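# Architecture and fold: a report
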Amino acid sequence: MKSTIRTAAAAALMLVSPVLAAAPAAAQPREDAAWKWLDQAMAPTLTEAQRPKLIWAAYNAAAGAMCHEVTVDEAKLGKALEALLPASDAKTSDDQRKFLHDTLLLHLGSAIGIYAAENADNLTEFCADAVALRDDPATKDKNLFLSKEEDVAPSNEVTPK
């Protein structure tokens, strides 16, 4: 009985060893596949020029959600997303605009999820990059983070009147 268990365990280790050794290399194609899928999913509703803007917003939102050191400026994020929708005076019905809005949020959530999956194991580096981006004067107006001075987590406390 013991030899059967040892044989089964040895066989399992032999089968799993190549998989474990290949895991880091196998992760990259999966991540690439996720981004490729997202790009294809966005293509019917966002132009080639709009898709990188949504990805940029997702990066900022993911960093703000995953890193205690940075906070997303919700007004900037809202403006960035609003700019991806057709103007209110455009020939777009309210139903079409709502569909585009909902689809935009779906794509944003998907991109945030991909960033979270890619960076969950290296949060220190991911967050350090986000902090560097926030504090770099060259990217100050491009990122969606609150400035270092304003970078305080929102309080849930209600101020009595």
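Every chain is numbered on its own, with residues counted from 1 as its sequence reads. For this predicted model, a pLDDT threshold of at least 70 governs which residues receive local features, and a threshold of 80 or more governs which side-chain atom pairs are given and counted, while totals over whole chains, interfaces and linings are taken from all residues. Each side-chain value is derived from all of the structure's non-hydrogen atoms; neither hydrogens nor water enter the calculation.

This brings us to the packing of helix α2 (residues 50–66) against helix α5 (residues 123–135). Note on geometry: axes are lines fitted to C-alpha atoms, helical ones only across the stretch in contact, with angles between N-to-C directions running from 0 to 180 degrees. Note on conventions: DSSP H or I runs of at least 4 residues are helices, E runs of at least 2 residues are strands, and numbering of each starts at the N terminus. Where α2 contacts α5, the axes come no closer than 10 Å and their chain directions differ by 115 degrees. Here α2 and α5 pass one another in a crossing that is left-handed. Residues Trp-56, Tyr-59, Ala-62, Ala-63 and Met-66 of α2 touch α5, and the partners they reach there are Leu-123, Phe-126, Cys-127, Asp-129, Ala-130 and Leu-133. Note on residue categories: nonpolar means Ala, Val, Leu, Ile, Met, Phe, Trp, Tyr, Cys or Pro, charged means Asp, Glu, Lys or Arg, and polar means any other residue, Gly included. Along the lines of polarity and charge, the residues of the contact of α2 with α5 split into ten nonpolar, no polar and one charged. In this scheme the crossing of two helices becomes right-handed for a clockwise turn of the near helix relative to the far one and left-handed for an anticlockwise turn of less than a right angle. Throughout, a contact is declared for two residues whenever any of their heavy atoms are within 4.5 Å.

A pair of sulfur atoms, both from cysteines and within 2.5 Å, is called a disulfide here. Going through the model one piece at a time under the given rule, you end up with one disulfide. The partner cysteine of Cys-67 in its disulfide is Cys-127, sulfur to sulfur 2.1 Å. The sign of the S-S torsion, about -85 degrees, decides the handedness of the disulfide formed by Cys-67 and Cys-127: left-handed. On the criterion of sequence distance, the pair formed by Cys-67 in the loop between α2 and α3 (74–82) and Cys-127 in helix α5 is long-range, its members being 60 residues apart. This pair shows no difference in class: Cys-67 is buried, exactly as Cys-127 is. Buried residues are those whose accessible area, probed at 1.4 Å on protein chains only, stays under 20% of the maximum for their type, while exposed residues exceed 50% and partly exposed ones sit between those limits.

pLDDT is a per-residue confidence score from the predictor, ranging from 0 to 100. Averaged over all residues, the pLDDT of the protein equals 80, while 73% of them reach at least 70. Model confidence for the protein, summarised as mean pLDDT per element, is weakest for helix α1 (residues 2–42) at 57 and strongest for α2 at 96. Confidence drops under pLDDT 50 across residues 1–27; counting only partners more than four residues distant or on other chains, this segment forms zero contacts.

This next bit is on the packing of α2 against helix α4 (residues 94–119). At a closest axis distance of 8 Å, the pairing of α2 and α4 adopts a crossing angle of 55 degrees. Classified by the interaxial angle, the pair formed by α2 and α4 is oblique. As α2 packs across α4, the resulting crossing turns out to be right-handed. Contacts from Leu-54, Ile-55, Ala-57, Ala-58, Tyr-59, Ala-61, Ala-62 and Met-66 of α2 reach α4 at Leu-104, His-107, Leu-108, Ala-111, Ile-112, Tyr-115, Ala-116 and Asn-119. Reported orientations rely on four angle classes, namely roughly parallel under 35 degrees, roughly antiparallel over 145, roughly perpendicular from 65 to 115, and oblique for the rest.

All right, on to the side chain of His-107 then. Mapped onto the elements, His-107 comes out in helix α4. Among the residues examined, His-107 registers a relative accessible area of 4% and is labelled buried.

Here we take up the pattern of salt bridges. A side chain of one charge can pair with a side chain of the opposite charge when the charged atoms of the two come close. Salt-bridge detection follows one rule: a side-chain nitrogen of Lys or Arg within 4 Å of a carboxyl oxygen of Asp or Glu. Counting across every chain of the model gives four salt bridges. Here Arg-97 ties to Glu-82 by a salt bridge, and the two come within 2.6 Å at their closest N and O atoms. Of this pair, Arg-97 sits in helix α4 while Glu-82 sits in helix α3, and the two are 15 residues apart along the sequence. Glu-82 sits in the partly exposed class, given a relative accessible area of 42%. Where Arg-134 meets Asp-135, a salt bridge forms, and the shortest distance between an N and an O atom there is 2.7 Å.

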